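Structure assessment
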Amino acid sequence: MVLISTRNSDERLEAALAVLRGIAPDGGLYVPRDFPSIARLGKISGSSYSTLCAKVLGLFFSDISGLDRLTERAYSRFDDAEVAPVKKISEGEFVLELWHGTTLAFKDMALSVLPGIMTAAMDGGNDILILVATSGDTGKAALEGFRGADRIKIMVFYPDRGVSDMQRLQMVTQEGANTYVVAVKGNFDDTQNGVKAIFADKEFAKAAERKGYILSSANSINFGRLAPQIAYYIRAYAQLLDNDEIKEGEEINFAVPTGNFGNILAAYYARRMGLPVKRLICASNRNNILTDFFNKGKYSLKREFYKTMSPSMDILISSNLERLLFELTERDGGAVKEMMRRLKEEGAYEITGSMKKTLESGFYAGWCGEEGTMASIKDTFERYGYLLDTHTAVAADVYERYKRRTGDNTKTVIVSTASPYKFPGDVLSSLGEETAGLSAFEMAERLAEVSGTPAPRQIMELKDKPVRHNKIVDINGMKDAALEAM
Ligand SMILES: *Cc1c(COP(=O)(O)O)cnc(C)c1O
């Protein structure tokens, strides 16, 4: 399928090539020229995760062969046979666990298949250097996904003090001759801006080309991240059908803990493709810029940035929102371009009243602070015996309030984005346990005792792994670090 840019519909490229390029030359994001109908998938219930995912990918990447083998291989490394199981926690309330991959966060869902898509799209020409800015989870998932990939190197930049201990350990112990990990003195937005600046730098691109490389991205602005995520919404719906929890065609809600707006955007795309979805509940932490956007129609960066216990949602510039704006403006690239210019130059933009109305019919937005996050973990564990991580807890809290406020009893799937063992200290504290003096591993062991759930091997084996990456740079040093890797 042909993809077009959110800033100019005449800017178009075949999907596989758009994945290699990452971002459109005009700075826009690639989006499908039209939404394929899920009717083209045939019967969605009863097929395995990887089979259904390959079919979904086939709607967009019709020119890539062997998608079945690609998804089969990618998801065979997951530690649950269902890949992304839906668990019922109470009547009408479900959790979709997206963290059974190698790095225990939902980023594995897409980053396990993205390298295969890229390799299939590469021609005989240059090698690829993938540059990634991470708020914690993307980095590790990308490193694992691309480790050992032929003719592809991957460099991950993470904010020096913006990730959890476990997330940092996962990255700095990364193996693989084609992997590079660099800490940046700054927060996530600084790091992301640094990577964006490298992509926009024509001199840098020439220097890379002289070394035989082209640059590409594995961030969630890459369409190759988005397409595999659509699949798990469709499969979640199919699981509810398989388990007789819903009837064919019945609408459900999804509650999604949101940062860069990638995960929830995939749900929106699934709805546009015909999946029966009523409300998308967009949950933010204390960095509640999206809540304000949905409720007030204004996106404004003039606000404080907070570090929270859900670091993967500590974001002010929510990049994928641009793709939603494109739909809200009825695909007016000029209008999107103008809003993005305002955001860059004036730090804010507004949408029209009619755009806001459209938003309200399909979305609900709310946020939850640190205390609410902790209470959500404790309540959910005490009431249902189900252990949430700090990100998913935000979504659970926002959903509970949504239900109380609206009285909407539609069956709802809370999208769970990480294993609680990635954030053992905060999860333990939420349960009222003492954590002082415990190492991250001792906390994980304690969490296993307290909750009666097993500590994942992926976490415990980090203890004995040597640190392989200890480079730290200023924002200005990111470019040199990337040049040295080629
Ligand atoms: C990345 C991430 C999020 C936010 O997802 P977006 O697609 O950026 O909205 C939420 N929770 C966890 C655990 C994550 O890793």
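Above this text sits the structure in question.
Okay, so let's go over this structure. Note on numbering: residues in each chain are counted from 1, in written sequence order. Restriction of local features to residues with pLDDT of at least 70 applies here, the model being predicted, together with a cutoff of 80 or more for giving and counting side-chain atom pairs; totals for whole chains, interfaces and linings are based on all residues. Side-chain descriptors were evaluated using all non-hydrogen atoms of the structure, hydrogens and water having been removed beforehand.

Numbered from the N terminus, helices here are DSSP runs of H or I no shorter than four residues, and strands are runs of E no shorter than two. Counting through the fold element by element, Ser284 comes out in strand E11 (residues 277–284). A simple rule labels every residue: compare its accessible area, found with a 1.4 Å probe on the protein chains alone, to the largest value its type can have, and call it buried under 20%, exposed over 50%, or partly exposed in between. Using a relative accessible area of 1% as the deciding quantity, one classes Ser284 as buried. We call two residues contacting when some pair of their heavy atoms lies within 4.5 Å. The residues contacting Ser284, other than those within four sequence positions of it, are Thr258, Leu290, Thr291, Met313, Gly366, Trp367, Cys368 and Val394.

A few words now on the sheet that holds strand E5 (residues 93–97). The mixed open sheet is built from six strands, whose spatial order is E4-E5-E15-E10-E11-E14. Each end of this open sheet is capped by a strand with a single partner; those strands are strand E4 (86–90) and strand E14 (363–367). Here the strands of the sheet are splayed against their neighbours by 25° on average, with no regard to which way each runs. Judged from the five bridges that link them, E11 and E14 form a sheet pairing that is parallel. Pairs of strands are assigned from DSSP output, requiring at least two bridges between the strands. Axes here refer to lines fitted to C-alpha atoms; in helices the fit is confined to the stretch in contact. Angles between the N-to-C directions go from 0 to 180 degrees.

Time to look at the packing of helix H2 (residues 49–60) against helix H3 (residues 67–75). One way to put it is that H2 packs onto H3 with a least axis distance of 8 Å and a crossing angle of 135°. Here H3 runs oblique to H2, going by the angle between their axes. With respect to the hand of their crossing, H2 and H3 are arranged in right-handed fashion. Counted together, Tyr49, Ser50, Thr51, Cys53, Ala54, Leu57 and Gly58 of H2 and Leu67, Asp68, Thr71, Glu72 and Tyr75 of H3 form the full contact between these two elements. Angle categories: roughly parallel below 35 degrees, roughly antiparallel above 145, roughly perpendicular from 65 to 115, and oblique for all the rest. Handedness of a crossing follows from how the near helix is turned relative to the far one, being left-handed for an anticlockwise turn of less than a right angle and right-handed for a clockwise one.

A few words on the pairing of E4. In this sheet, E5 lies alongside E4 in antiparallel orientation, the contact comprising four bridges. Across the sheet, residue Val86 finds its bridge partner in E5, namely Leu96.

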